[in-house]
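# Observations on the three-dimensional arrangement
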Amino acid sequence: MNFWEEEVTQVRRAKRFKRGHTACRRCRSKKTKCDNRRPSCGVCVENHVQCVYGELDGQQIPQDLREELDLPPAGITSLHFPREFPSLPSWTSFHSSVNDDSSNTNSNWQILPSSVIQQQEEHSWYYYLACIALRKKADSINDLLYEPGEHVWLANVEHVMAQAILQEHELDQWRTILPKTLEFDADDGAPEDLAFILECRQLQWRQISYRPLLYYALHKPDTDPYFDRVLPLAQKCLQYCALTIKRLTRPHYYEATWFSYRAISTATLLILAAQLRGPPLYVHNWQALVSLSLRVLAARTARAAYIDQARPVLETLLKHVTKDHE
């Protein structure tokens, strides 16, 4: 091989090496064809992931790339605390540490809050922690019951029944550890705003836990071998729907929110679906509940125009149900 042939061979090798490393890191790791677009290649754009070019060996990893690397989880979201509600920050220690700071030159600045403000702060902390614990239960419900899809509900109804009962039991346990200021009565409801929000959200998740079984009862005949076992659990879903309507249609601070409108609309839709299916599914005084929901949604349309998209659907379905019952 002469000199020129060696030069051409080296240039070709260099080009091949360069082409191989112009692909982004994800395409190289997945061994997929990269179109080398900048700043993001077509493959990464299609998969909605961050596109990174270049080598990181021996270099400091940029902060915005760390979430993409296979690092051990920090455990922040695992919530594996010794207790559901960890201790609140010590106001006394906070006050002392700030007072020791020489940079604080304002002698009139009072770090330690009054007893009323401190009580409100603690109440907000307890509410925040209760929401985290409830969110953990909700994530479990989503993962176990809703991630597989509704076809699994029909094919593995025994598993769904067991999981629904287990999830409600865990929600009962969550309720027993609520602080006194956030407790609510199952019959009379919560008198305080933050406790009321927790009550309505846990009602929603209890209903969602049993919704797959209502779906089963709506799609299966009475002669189905599992129907008699599913029916009481499907009725529980309807009971929670009725209770949701009763709670959220009352005048309250939380009424003008998307959660409130969505929860009322969904509960009304499920009750109407059950009545359209007919016995043995039944909700006591369902017509009054549906009428109440529609009146409240109509009255709140001025606050949220998107309610108009749900209300006509419910009114049309109510006409069908009423016609079938005549």
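All values reported here derive from a predicted model rather than from experimental measurement. (Residues numbered from 1 in each chain as written. Predicted model: local features only at pLDDT ≥ 70, side-chain atom pairs only at ≥ 80, totals over all residues. Heavy atoms only, no water.)

Before going further, it helps to spend a moment on the pattern of salt bridges. Evaluation of the coordinates by the stated rule reveals nine salt bridges. Between Lys236 and Glu168 there is a salt bridge, and its shortest N-O distance comes to 2.9 Å. With Lys236 in helix α9 (residues 227-248) and Glu168 in helix α7 (residues 157-176), the pair connects residues that are 68 residues apart, well separated along the chain. Among the residues examined, Lys236 registers a relative accessible area of 30% and is labelled partly exposed. By sharing partners, the salt bridges in this structure join Glu168, Asp172, Arg206 and Lys236 into a single network. (Salt bridge = Lys/Arg side-chain N within 4 Å of Asp/Glu carboxyl O. Helix = DSSP H or I, 4+ residues; strand = E, 2+ residues; numbered from the N terminus. Buried < 20%, exposed > 50% of the residue type's maximum accessible area, 1.4 Å probe, protein only.)

Okay, the UniProt feature "domain: Zn(2)-C6 fungal-type" (unreviewed entry) in the protein next. Using the residue numbers shown here, the UniProt feature "domain: Zn(2)-C6 fungal-type" (unreviewed entry) corresponds to residues 23-53. Helix and strand shares over residues 23-53 are 35% and 0% respectively, and the end C-alpha atoms of the span are 7 Å apart. (UniProt positions renumbered as here; feature names shortened; annotations may be inferred.)

Counted by the stated rule, this structure contains four aromatic pairs. Residues Trp125 and Tyr128 carry aromatic rings whose centres are separated by 6.2 Å and whose planes lie at 85° to one another, so their mutual orientation is edge-to-face. Remark: Tyr128 and Trp125 occur in helix α5 (residues 115-146); sequence separation between them is three residues, near one turn of the helix. Overall, the relative accessible area of 35% leaves Trp125 in the partly exposed class. Judged by centre distance (6.4 Å) and plane angle (20°), the rings of Tyr210 and Tyr240 are stacked. Pair noted here: Tyr210 is in helix α8 (residues 193-219) and Tyr240 is in helix α9, with a separation of 30 residues, a long-range link. Here Tyr210 matches Tyr240 in class, with each residue buried. Seen from the ring of Phe259, Arg201 lies directly overhead, with NZ or CZ sitting 4.4 Å from the centre. (Phe/Tyr/Trp six-rings, centres within 6.5 Å; stacked < 30°, edge-to-face > 60°. Lys NZ or Arg CZ within 6 Å of the ring centre and 35° of its normal.)

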